[in-house]
Amino acid sequence: GGKGGKLVIGMSQCNLGEPWRVQMNADIAAAAKEHPEIELIFKDAQNDTLKQRAHVEELVAQKVDVLLVSPKEAQPLTEPVGKAFDAGIPVIVLDRAVLGERYTTFIGADNKKIGRAAGEWVKKVLGGKGKVVELKGLMTSTPGQDRSAGFREGIAGSEIEIAFEADMKWLEPEARKEMDSALARLSKIDLVYAHNDPGAHGAYLAARAAGREKEMKFVGIDALPHEGVSYVEQGILDATFQYPTGGREAVETALRIRKGEAVPKRITLGSRRFTKEDGKKGGEVIE
Ligand code: FRU
């Protein structure tokens, strides 16, 4: 690598079907634009794990100087990512982790803490009791696992019951379908905790179609200004928790690696709660 002073960064994105990932790529592109030596190669796996494995292998074969990867699923991406790292390519893993330690650095928010903060908020607004529907992100991805475990810690010791849970795979249409089942099964729902804002929005649409949206609260995660934060302003969601993309930090880290600086194994990004009372700037900070 390093031809003619250029810094070639290959980015393997697991999908661009969700606004949050479009934002991540935009953040990477905006940060790279400030450094004319950077050349970006973007790959979109269209939510197909096998395609993403192939993309990682292609970027390694192209001998990119730094590999960025936001993996769809932890286990299947571990091997190709580890091989890139073993081949001497610096690897920056973003948002969803791989297994083990064969990468240079991981950049992302602490999903366990975000889940716990969501659980604590829910415990407070429900007065310590009620029936909750949990719509999980893909449970073969680390944020889904952590957002679930953290939430359960947050509501621990209360009389809040997770009365229905399903894996909606991060997808709004899946969330809507699962919520239809929850609505059919439960005569009373106090709150829906969805692991991302598209999921929370899908649940809201299902509840509204059943004429039951006023019966319950809706909580999501991501808090993009034009998505979750706007849903809160419109009264569709009651809360959302920010999930920074790390795109800018990834580019800055790639530049540090190029300069020969040592980078930490993990760079943890902060989060923040957004509710109507918190306003546009957000409320409680989660570090
Ligand atoms: C987008 C997304 C986000 C979520 C993140 C978790 O694909 O589902 O909504 O916060 O991935 O990795």
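Everything discussed here concerns the structure shown above.
Residue numbering note: each chain is counted from 1, following its sequence as written. Residue-level local features of this predicted model are given only where pLDDT is at least 70; pairs of side-chain atoms are given and counted only at 80 or more, and the full residue set underlies all totals for whole chains, interfaces and linings. Only hydrogens and water are removed before side-chain values are computed, so all heavy atoms of the structure are retained for them.

(A) A look at the site of the ligand. Residues are labelled near a given molecule or strand when at least one of their non-hydrogen atoms is within 4 Å of it. Around the ligand, the surrounding shell consists of Asn15, Glu18, Trp20, Arg21, Asp95, Arg96, Pro143, Arg147, Trp170, Asn196, Asp222 and Tyr243. Throughout this description, a polar contact denotes any pair of N or O atoms lying within 3.5 Å of each other; where both atoms belong to protein, one of them has to be capable of donating a hydrogen while the other can accept it, and for residues adjacent in sequence the pair is counted only when both atoms sit in side chains. Residue Arg21 places a side-chain N or O atom 2.5 Å away from an oxygen atom belonging to the ligand. Arg96 is positioned with one of its side-chain polar atoms (N or O) 2.7 Å from an oxygen atom of the ligand. Note on areas: these come from Shrake-Rupley sampling with a 1.4 Å probe, and a residue is covered only by the protein chains present in the view. Here the ligand loses 100% of its free accessible area of 310 Å² to cover by the protein chains. Where helices and strands are cited, they refer to DSSP runs of H or I of at least four residues and of E of at least two residues respectively, numbered from the N terminus. Only helix H1 (19–33) and helix H5 (142–155) provide two or more residues apiece to the shell around the ligand. We call Asp, Glu, Lys and Arg charged. Ala, Val, Leu, Ile, Met, Phe, Trp, Tyr, Cys and Pro are nonpolar, and the rest, Gly among them, are polar. Residues belonging to the shell around the ligand are distributed by class as follows: 4 nonpolar, 2 polar and 6 charged.

(B) View of the packing of aromatic side chains. Stacked, tilted and edge-to-face are the three classes assigned to paired rings of Phe, Tyr and Trp, where Trp is represented by its six-membered ring and a pair needs centres within 6.5 Å; plane angles under 30 degrees give stacked, over 60 edge-to-face, the rest tilted. Inspection of the entire model under this criterion finds 3 aromatic pairs. On the basis of an interplanar angle of 25° and a centroid distance of 5.0 Å, the ring pair of Trp20 and Tyr243 is categorised as stacked. Placement of the pair is Trp20 in helix H1 and Tyr243 in the loop between strand E10 (239–242) and helix H9 (247–258), with a sequence separation of 223 residues. Comparing Trp20 with Tyr243, the two get one shared label, buried. Ring centres of Tyr204 and Phe218 lie 5.5 Å apart, and the angle between their planes is 75°; on these two criteria the pair is classed as edge-to-face. Here Phe218 lies in strand E9 (residues 217–222) and Tyr204 lies in helix H7 (residues 197–209), a separation of 14 residues in the sequence. Taking the relative accessible area as the measure of exposure, Tyr204 reaches 11% and is therefore buried. Here, a charge over a ring means that NZ of Lys or CZ of Arg falls within 6 Å of the ring centre while also lying within 35 degrees of the ring normal. Between the NZ or CZ atom of Arg147 and the centre of the ring of Tyr243, over which it lies, the distance is 4.2 Å. Buried residues are those whose accessible area, probed at 1.4 Å on protein chains only, stays under 20% of the maximum for their type, while exposed residues exceed 50% and partly exposed ones sit between those limits.

(C) Expanded view of the sheet that holds strand E2 (residues 38–44). Note on pairing: two strands pair once DSSP finds at least 2 bridges between them. Taken together, the 6 strands give an open sheet; going across it, the order is E2-E1-E3-E4-E5-E11, and neighbouring strands pair in parallel fashion. Looking at the sheet topology across the chains shown, the edges are occupied by E2 and strand E11 (266–269). The sheet shows a mean angle of 15° between the axes of neighbouring strands, direction not considered. The sheet contact formed by strand E1 (residues 7–13) and E2 spans 7 bridges and is parallel. The residue bridging Leu7 from the neighbouring strand is Ile38, located in E2. Here, residues are in contact when the closest pair of their heavy atoms is within 4.5 Å. Lines fitted to C-alpha atoms define the axes, with helix axes restricted to the stretch in contact, and inter-axis angles between N-to-C directions lie between 0 and 180 degrees. H1 contacts E1, E2, strand E3 (66–70) and strand E4 (91–94) of the sheet and is inclined by roughly 170° relative to E2.

(D) Representation of helix H3 (residues 74–86). A helix's residues, less one, multiplied by 1.5 Å, set its expected span. Helix length check: H3 (13 residues) gives 18 Å between terminal C-alpha atoms against 18 Å at 1.5 Å per residue, within 8%. For H3, every residue scored as buried is listed here: Ala74, Pro76, Leu77, Thr78, Pro80, Val81, Gly82 and Ala84. Packed against the buried residues of H3 are helix H2 (49–61), E3, E4 and H5. Once H3 finishes, Gly88 follows within two positions and takes phi at roughly 95°, a positive value.

The quantities given are spatial measurements derived from coordinates; they are silent on function.
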